[in-house]
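The primary structure of each chain is shown beneath.
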Amino acid sequence: MIPGHLRGWTIPMLCAAALACAPAPAVVPSTPGPVADPPPHLLLVTLDGLRWQEVFGGADSLVLRGRADSAELTRAWWRPTREARRAELLPFLWGEVARRGQLIGDREAGGGMRVTNGKYFSYPGYNELLTGRADGRVDSNDKIANPNVTVLEWLARRPGFAGRVVAASSWDAFPWIINTDRSGIPVEAGQDSVIARMAELLPRLWKETRFDLLTHRSALDRLWAGEPPRVLYVALGETDEWAHDGNYGRYLDAARRNDAMIRELYQAFAGHPAVRGNVALIVTVDHGRGDGPLWTDHGRDRPEAGWVWLAALGPGVAARGARTDVRDATLAQVAATAAAALGEDYTVVPAVAGPLPLR
Ligand SMILES: [Zn+2]
């Protein structure tokens, strides 16, 4: 039996998906008199290198064709229409976010969102989307402390945000991208003892990226640990790794599992008694990938990897579905968009891009 103050929480879902049952949230004593409206919160999620082609079209016939596993993947993922294929791949994004929010970047339907750093790989992409501008100095994926201040660090210095901006990541470079040493923003990339132990006991497929489930669980833990963060940034990474491996089935499967993780995180955040639904969701990527048979790779020699996408939901985001009227959005606009979702004006920072028109 669920006590009254926990009704609406998604405990069974959390238990089922996150290896072990999450502890119950702290009991919030009922206070007499009017309850103040909660301030806005933000869940920012990135899915490393997930292409716009799959986000808006589901499984891609140009990739499926000619593969040894084509028949099996076609059976699992192919549907007669684009709409049915994308709903099969990303049921939360197309069932909830598209219905109550919006998605930008459908090139086939005339929309578009592009990377402006010209490099089309991860660190320059995350730097652009988190700081609000491209920086030519960021030119490798090496673990170098970011000289730039991200919107996360800028927010953490604003009133009401101190100690309440947190991150969890699958790729182990994030403590450098966010510059944890300077910003003080914790990035749980394996340091947490339980998560680290699980990581040790799971197969290790990639040198620098762990399974997204561990990052997901780490983010959920943070949501359940007393006072919720104002900003939770979750950087998932499996899609990029499976793509580099050339494994299209696993890449699609990772996208669908990521979609389920986003649903759980969003529902847990929105359902928190101190948040009461006042949370915006922004989902985006650091770069795209090549077209057709070149889908596995990205980088400066693949200009088509410069096309990206964004999904948004929450207060301040109009229910406009897939936008075809937004054609010249850029990845640099994500930072100011994230701040605007929290009622903050990031454009006071010199040279940063303005927010996306989500209203
Ligand atoms: Zn990559």
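What you are looking at is a predicted structure, and each value in this text was computed from that prediction instead of being measured. (Residues numbered from 1 in each chain as written. Predicted model: local features only at pLDDT ≥ 70, side-chain atom pairs only at ≥ 80, totals over all residues.)

### Notes on the overall build of the protein chain
Let me state the cut-off plainly: Numbering goes from the N terminus for both helices and strands, where a helix is a DSSP run of H or I of at least four residues and a strand is a run of E of at least two. A residue is called partly exposed when the number of other C-beta atoms within 10 Å of its own lies between 12 and 20, exposed at 12 or fewer, and buried at 20 or more, with C-beta atoms placed from the backbone. Here, residue contact means that the backbone-derived C-beta atoms of the two residues sit within 7 Å.
A tally of helices and strands in the protein chain yields 15 helices and 10 strands. A buried classification covers 51% of the 359 residues belonging to the protein chain. Residue pairs at least 24 apart in sequence account for 70% of intrachain contacts in the protein chain once pairs closer than 6 positions are excluded.

### Topic: helix H12 (residues 212–224)
Defined as follows: Expected helix span is computed as 1.5 Å times (number of residues minus one).
Compared with the 18 Å implied by 1.5 Å per residue over 13 residues, the 19 Å span of H12 between its first and last C-alpha is a close match. Among the 13 residues in H12, 10 count as buried, and that is most of the element. Along H12, the residues that are buried comprise Asp212, Leu214, Thr215, His216, Arg217, Ser218, Ala219, Leu220, Arg222 and Leu223. Two residues or fewer past H12, Gly226 is found with a positive phi of approximately 65°.

### Focus: the sheet that holds strand S6 (residues 231–236)
Operational definition: One requirement defines pairing of two strands: DSSP has to find at least two bridges between them. Between N-to-C directions, angles span 0 to 180 degrees; the directions come from axes that are lines fitted to C-alpha atoms, helices contributing only their stretch in contact.
A sheet is described by the order of its strands in space; here eight strands give the open sequence S5-S4-S6-S1-S7-S8-S2-S9, paired in mixed fashion. The sheet is open, and its two edges are formed by strand S5 (187–188) and strand S9 (321–323), each paired on a single side. One ladder, built from three bridges, connects strand S2 (residues 102–104) with strand S8 (residues 310–313); its direction is antiparallel. What sits directly across from Gln102, in S8, is Ala312. H12 contacts strand S4 (165–169), S5 and S6 of the sheet and is inclined by roughly 170° relative to S6.

### As for the confidence of the model for the protein chain
Rules: Per-residue confidence from the predictor is given as pLDDT, running between 0 and 100.
Summing up the model confidence of the protein chain, the mean pLDDT is 91 and the portion of residues at 70 or higher is 89%. Between residues 1–29, whose pLDDT stays under 50, and residues either more than four places distant or in other chains, the model counts 32 contacts.

### Section: the packing of helix H11 (residues 193–201) against H12
Helix-helix packing is characterised by the crossing angle of the two axes and by the distance between the axes. How we decide: The scheme is simple: roughly parallel for angles under 35 degrees, roughly antiparallel for over 145, roughly perpendicular for 65 to 115, oblique for anything else. Left-handed describes a crossing whose near helix is turned anticlockwise from the far helix through less than a right angle; right-handed describes the clockwise counterpart.
For the pair H11 and H12, the least separation of the axes is 10 Å and the interaxial angle reads 165°. The orientation of H11 relative to H12 falls into the category roughly antiparallel. Where H11 crosses over H12, the handedness of that crossing is right-handed. From H11, Ile195, Met198 and Ala199 reach across to H12, where they touch Leu214, Arg217 and Ser218.

### With respect to the packing of helix H6 (residues 91–100) against helix H14 (residues 248–271)
Direction vectors running N to C along H6 and H14 enclose 40°, while the axes themselves pass 8 Å from each other. Taken together, the axis directions place H6 and H14 in an arrangement best described as oblique. Only Asp259, Ala260, Ile262 and Arg263 of H14 make contact with H6, whose side of the interface consists of Pro91, Phe92 and Leu93.

### Some details on the nonpolar core
Our working rule: Joined through C-beta atoms within 7 Å, a set of buried Ala, Val, Leu, Ile, Met, Phe, Trp, Tyr and Cys residues constitutes a nonpolar core.
Core analysis: the biggest nonpolar cluster contains 104 residues, and Leu152 and Ile282 have the highest contact counts within it. Examining the composition of this core, we find that 12 residues originate from one element, H14, more than from any other. Discounting chain neighbours no more than four positions away, the residues touching Ile282 are Leu42, Leu44, Leu310, Ala312, Val334, Thr337, Ala338 and Ala341.

### Regarding unusual backbone geometry
Negative phi characterises most residues that are not glycine, and trans characterises most peptide bonds. Within the chain, Tyr120 stands out as a residue other than glycine whose phi angle is a positive 60°. Along the polypeptide, Tyr120 turns up in the loop between strand S3 (113–114) and helix H7 (122–131). Unlike most non-glycine residues, Ala351 shows phi in positive territory, near 70°. A count of 9 C-beta atoms within 10 Å places Ala351 in the exposed class.

### Focus: the environment of Leu43
Residue position: Leu43 is located in strand S1 (residues 41–47). Classification of Leu43 by C-beta neighbours within 10 Å gives buried; the count is 26. With 269 residues separating them along the chain, Leu43 and Ala312 place their C-alpha atoms 9.9 Å apart.

### Some thoughts on the pairing of S6
Of all six residues making up S6, six are buried, and the element is well covered by its neighbours. By the alternation rule, side chains of S6 split into Val231, Tyr233 and Ala235 and Leu232, Val234 and Leu236, which are all buried. Where S1 meets S6, six bridges bridge the pair, whose relative direction is parallel. Across the sheet, Leu47 pairs through a bridge with Leu236, a residue of S6. The sheet contact formed by S4 and S6 spans five bridges and is parallel. Across the sheet, residue Val165 finds its bridge partner in S6, namely Val231.

### Some remarks on the pairing of S1
Within S1, seven of the seven residues are buried, leaving the element largely enclosed by the surrounding structure. Because side chains alternate across S1, one face comprises the buried residues His41, Leu43, Val45 and Leu47, and the other comprises Leu42, Leu44 and Thr46, equally buried. Of the pairings in the sheet, the one linking S1 to strand S7 (residues 279–284) comprises six bridges and is parallel in character. Bridge pairing in S7 links Leu44 to Ile282.

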